[in-house]
Amino acid sequence: MMSVLEYAEDVSKSVEEILNLCSKLDIDVSNGEDMLNDEAITLLDNNLELEVEDDTDDEELEEEVVKSATKDVKKSSKISRPNKANKEEFMAQKKEIYKKRDKLSSDDITCDNRIVLYKDGMTIKELSDGLLVSSAEVIKKLFLLGKIVNVNTTVTFEEAELIVSDYDKELKKQECADITNFEEFVAFDKEEDLVERAPVVTIMGHVDHGKTTLLDTIRKTSVAEGEAGGITQSISAYQTEYNGKKITFIDTPGHAAFTEMRARGASITDIVIIIVAADDGVMPQTKEAIDHAKASGVPIIVAINKMDRPGANSERIMTELSEYGLMPDEWGGDTLFSKVVAINGDGIDALLENILLISEMQEYKANPNRYALGTVVESRLDKCLGPVVTLLIQNGTLRLGDPLVVGCYYGKVRTMRDDLGNDIASASPSQPVEITGLNGVPFAGNKFMAFENEKEARNVGEIRKKESRMKEQAPKSTSISLEDVFSKIKEGTKEVNVLVKADVHGSAEAIKATLEKLELEEVKLNVVRSSVGGITESDIVLAKASNAVIIGFNVRPNKKIQDYAKHNGVEIRLYNIIYKIVEDMEQAMKGMLEPVFEEKVLGSAEVRQLFKFSKVGTIAGSYIIDGKVKSKSKVRIIRDDIVIYDGIIESIQREKDTVKEVKKGLECGITIENYNDIKQGDIIESYELVEVER
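Residues numbered from 1 in each chain as written. Predicted model: local features only at pLDDT ≥ 70, side-chain atom pairs only at ≥ 80, totals over all residues. Heavy atoms only, no water.

Looking now at the overall build of the chain. Tallying secondary structure elements over the chain gives 18 helices and 32 strands in all. Counting the 694 residues in the chain, one finds 44% classified as buried. Contacts in the chain between residues at least 24 apart in sequence constitute 71% of all its contacts with a sequence separation of at least 6. Counting only carbon and sulfur atoms, one obtains 48% of the accessible surface of the chain, whose full area is about 37,100 Å². (Helix = DSSP H or I, 4+ residues; strand = E, 2+ residues; numbered from the N terminus. Buried < 20%, exposed > 50% of the residue type's maximum accessible area, 1.4 Å probe, protein only. Contact = heavy atoms within 4.5 Å. Areas by Shrake-Rupley, 256 points an atom, 1.4 Å probe, with all protein chains shown as cover.)

Right, let's get into the sheet that holds strand S6 (residues 200-205). Taking strand neighbours across the sheet as the criterion, the six strands line up as S7-S8-S6-S9-S10-S11 in an open arrangement whose pairing is mixed. For this open sheet the edge positions go to strand S7 (237-242) and strand S11 (336-339), each flanked by a neighbour on one side alone. Going across the sheet, the axis of each strand differs from the next one's by a mean of 30°, ignoring polarity. Pairing analysis gives five bridges linking S6 to strand S9 (residues 271-277), with the strands arranged parallel. The partner of Gly205 across the bridge, within S9, is Ile275. Helix-sheet contacts for helix H11 (residues 284-296) involve S6, S9 and strand S10 (300-305), and the interaxial angle to S9 is about 165°. Along the sheet face, helix H12 (residues 314-322) touches S9, S10 and S11 and points at about 145° away from the line of S10. (Pairing = 2+ DSSP bridges. Axes fitted to C-alpha atoms, helices over the stretch in contact; angles between N-to-C directions.)

Right, let's get into the sheet that holds strand S19 (residues 432-438). Spatially, S13-S14-S19-S17-S16-S20 is the arrangement adopted by the six strands of the closed barrel, whose pairing is antiparallel. When the angles between neighbouring strand axes are averaged without regard to direction, this sheet yields 45°.

Time to look at the pattern of salt bridges. This structure, assessed with the given rule, holds 27 salt bridges. For the salt bridge of Glu537 with Lys560, the shortest nitrogen-to-oxygen distance reads 3.9 Å. In this pair, Glu537 sits in helix H16 (residues 537-546) while Lys560 sits in helix H17 (residues 559-568), placing the two residues 23 residues apart along the sequence. Taking relative accessible area as the criterion, Glu537 reaches 34% and is therefore assigned partly exposed. Each of Asp291, Lys501, Arg529 and Asp539 takes part in one network of salt bridges that share partners. (Salt bridge = Lys/Arg side-chain N within 4 Å of Asp/Glu carboxyl O.)

Bringing the environment of Ile358 into the picture now. With respect to the element layout, Ile358 can be found in helix H13 (residues 348-362). For the pair formed by Ile358 and Pro299, sequence separation is 59 residues and the distance between their alpha carbons is 7.8 Å. If we ignore the near neighbours within four places in the chain, the residues touching Ile358 are Ile271, Pro299, Ile301, Leu336 and Tyr364.

Quick look at a negative patch on the surface now. Negative charge collects at one region of the surface, where Glu315, Asp329, Glu330 and Asp334 lie side by side. Along the chain, Glu315 turns up in helix H12. (Patch = residues over 30% accessible without salt bridge, like charges linked within 9 Å, V, L, I, M, F, W, Y side chains within 5 Å. Lys, Arg positive; Asp, Glu negative; His and termini not counted. Charge placed at Lys NZ, Arg CZ, Asp CG, Glu CD.)

Another aspect to go through is the pairing of strand S16 (residues 403-406). Of the two faces of S16, both are covered, the one formed by Pro403 and Val405 as well as the one formed by Leu404 and Val406. Two elements, S16 and strand S17 (residues 409-417), share four bridges in a ladder whose sense is antiparallel. Among the inter-strand pairings, Pro403 is bridged to a residue of S17, identified as Lys412. Inspection of the sheet shows S16 paired to strand S20 (residues 447-450) by three bridges, in the antiparallel sense. Among the inter-strand pairings, Leu404 is bridged to a residue of S20, identified as Ala450.

This part takes up the packing of aromatic side chains. For the structure on display, the rule yields three aromatic pairs. Seen from their ring centres, Tyr238 and Phe249 are 5.6 Å apart, and the 20° between their planes marks the pair as stacked. With Tyr238 in strand S7 and Phe249 in strand S8 (residues 245-250), the pair connects residues that are 11 residues apart, well separated along the chain. Assessed through its relative accessible area of 0%, Tyr238 is described here as buried. Given a relative accessible area of 0%, Phe249 falls into the buried group. Geometrically, the ring pair formed by Tyr645 and Tyr675 is stacked, given 4.2 Å between the ring centres and 15° between the ring planes. (Phe/Tyr/Trp six-rings, centres within 6.5 Å; stacked < 30°, edge-to-face > 60°.)

Of all hydrophobic cores here, the largest spans 24 residues; its most connected members are Phe249 and Ile355. Only S6, helix H9 (211-221), S7, S8, S9, S10 and H13 provide two or more residues apiece to this core. Broken down by element, the residue count for this core peaks at six residues, all from H13. Judged by nonpolar contacts, the second largest core, of 22 residues, contains Ala427, Val433, Ile435 and Phe448. (Core = buried A, V, L, I, M, F, W, Y, C linked by side-chain atoms within 4.5 Å.)

At a minimum axis separation of 10 Å, H16 and H17 run at an interaxial angle of 15°. Put simply, H16 runs roughly parallel to H17. Our pair here, H16 against H17, has a crossing hand that is right-handed. On H17, the residues that touch Glu537, Ile540, Val541 and Lys544 of H16 are Lys560, Ile561, Tyr564, Ala565 and Asn568. In terms of residue class, the contact of H16 with H17 is built from five nonpolar, one polar and three charged. (Parallel < 35°, antiparallel > 145°, perpendicular 65-115°, else oblique. Left-handed = near helix turned anticlockwise from the far one by under 90°. Nonpolar A, V, L, I, M, F, W, Y, C, P; charged D, E, K, R; others polar.)

In this section: helix H6 (residues 124-131). Those residues of H6 that fall on the buried side of the exposure criterion are Ile124, Leu127, Ser128 and Leu131. The arc that holds every buried residue of H6, seen down its axis, measures 95°, which confines them to one face. On the buried face of H6, the contacting elements are strand S3 (115-118), helix H7 (135-144) and helix H8 (157-165). Just downstream of H6 lies Leu132, where phi reads positive at about 65°. (Arc of directions from axis to C-beta.)

Another point: the environment of Asn558. With respect to the helices and strands, Asn558 occurs in the loop between strand S23 (549-553) and H17. The sequence separation of Asn558 and Gly534 amounts to 24 residues, and the corresponding C-alpha distance is 9.0 Å.

Right, let's get into the confidence of the model for the chain. Mean pLDDT over the chain works out to 78, with 78% of the residues at or above the 70 mark. Note that residues 107-111 has pLDDT below 50 and, in this model, eight contacts with residues that lie over four places away or in other chains. Segment residues 484-493: pLDDT under 50, and 13 contacts once partners within four positions in sequence are set aside and those in other chains are kept. (pLDDT = per-residue confidence, 0-100.)

So this is what it looks like as structure tokens:
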């Protein structure tokens, strides 16, 4: 917050000018000493910005654009000059947003009335309040269960669950959400608030199979006939419209970049299109693209391109792809295939129809009435504009002036443009936009979140920046290793992911087939990729994203690859004998199973005399009648064939020495940890728990 006087000095205006502007905007201030809150400051900032833009004539705008474009030719995008009608429409939208700024839904997690939240130390009073019943009613139910309680008595989760079930409600443990860790947030929107959104599509494939041509052809179809100058593609994501439905395309450099984003936790793609040339067939990069697309777990469409070429054979392509698990729908499979000629647009309509078909089946929806959540597609530093970031809105609506945190940077949206370079005042779900206003340049794949006020965004951004520095200074840990796989057990299905690289195709296939046959109760082994050749950076990126171990057979990575793997926390294990791979994987899978222990009796001793000392306690003078008795082992005290105590042997004394164990036929003194009620004639049975190999 700041006073009107301080704000006027900050923007180089007089106090009277600011007071007049506040009056127009219905901001309740009367003199220079009155305080302005964050919302009022944002409103003033953007209206002053509007005045500047209104005063800027076309010549100044053109001069600014030329200056910006010539300063950074490689990095700065081509800026299209908006026509007068578009500019007037944008100004009207912008003024409307700042004059009547509706409050959107926040990202607080709310529960329906059938769910009761349980927190540690919950009292009867709190439970009854959650159930909307009287405390006496809950006390009565617990009394019938044999519990004598009052309103301040705490209840366990199990007790509360029994009570809640009587009211046809569900009890859930309350999780305290940390707003700074918004990547982990799951947006809980009511069904009535959700609306259909555009599917987000990524195209991948071999370098010369027509990916760029296909993107360009689809892009041109979205431009109305007669529009002067064609289309200016200002960012690497854009929307097209087909049959009244919008489709968003993400133009990534390749599958490596696609998986790099996924490795950072960015799941932005709804559908992947694998493009294959009909006259060339499945190439090594095609196989890699398939692996990366499958690992993302999204629907796949195959576009068979160059159908006009001599030697084009779509049947051969479908046969080859079926070997990689992409069975054509016309053969009874579940993968949609489209035959296209990207250069002239043949088959593009059918491809777009397939995208809309999958979108309709998957029912992609979002809530436009909440503060925006999404992902960074790309970012750059412009010499004139500062940090320029391309965002994909995944949920909610992003508006000019909205405070937001992106990665570990923060700011508020100063300018926003769509994929055609037009200034816009707001962006809806699945829409890509280019914004300015951040205090730094985030990484592609970073998540972003918009907030209600700038103060909260600044606090979250500063905390995240501090945590980011601490993570950078912390030692790197591996994604997964066979030695500590047991510590990485997660709830649900347990999986061991591996990526196989071998010297020859036969070895790669043999290793894959052998590993896939391994079955051990609920543990599943998943071969993410099996291919021939040396270990590459692409393999490491995929292994990181899939939390996989790389297995190399008769291959050896160079120093650069080893350093890259270490930097990304990916373990590489090298072998030259197949059965050794199988042994190690079996051990890793066994380690993920819950351990089974078996009791092993070591020996027993008879108590023949007792010695009591104030500092030590009771020492049992004993004779070993069977096996041996070990110090620190588990022990049972048996009296008249009944176990009266189960504990641990604290120490064993043999003559004047403390020993680790005493064997059959010898005498010793035994002390039991936390137990002194030993009697003459008791039997001390020493045993241990041994893990049974599974």
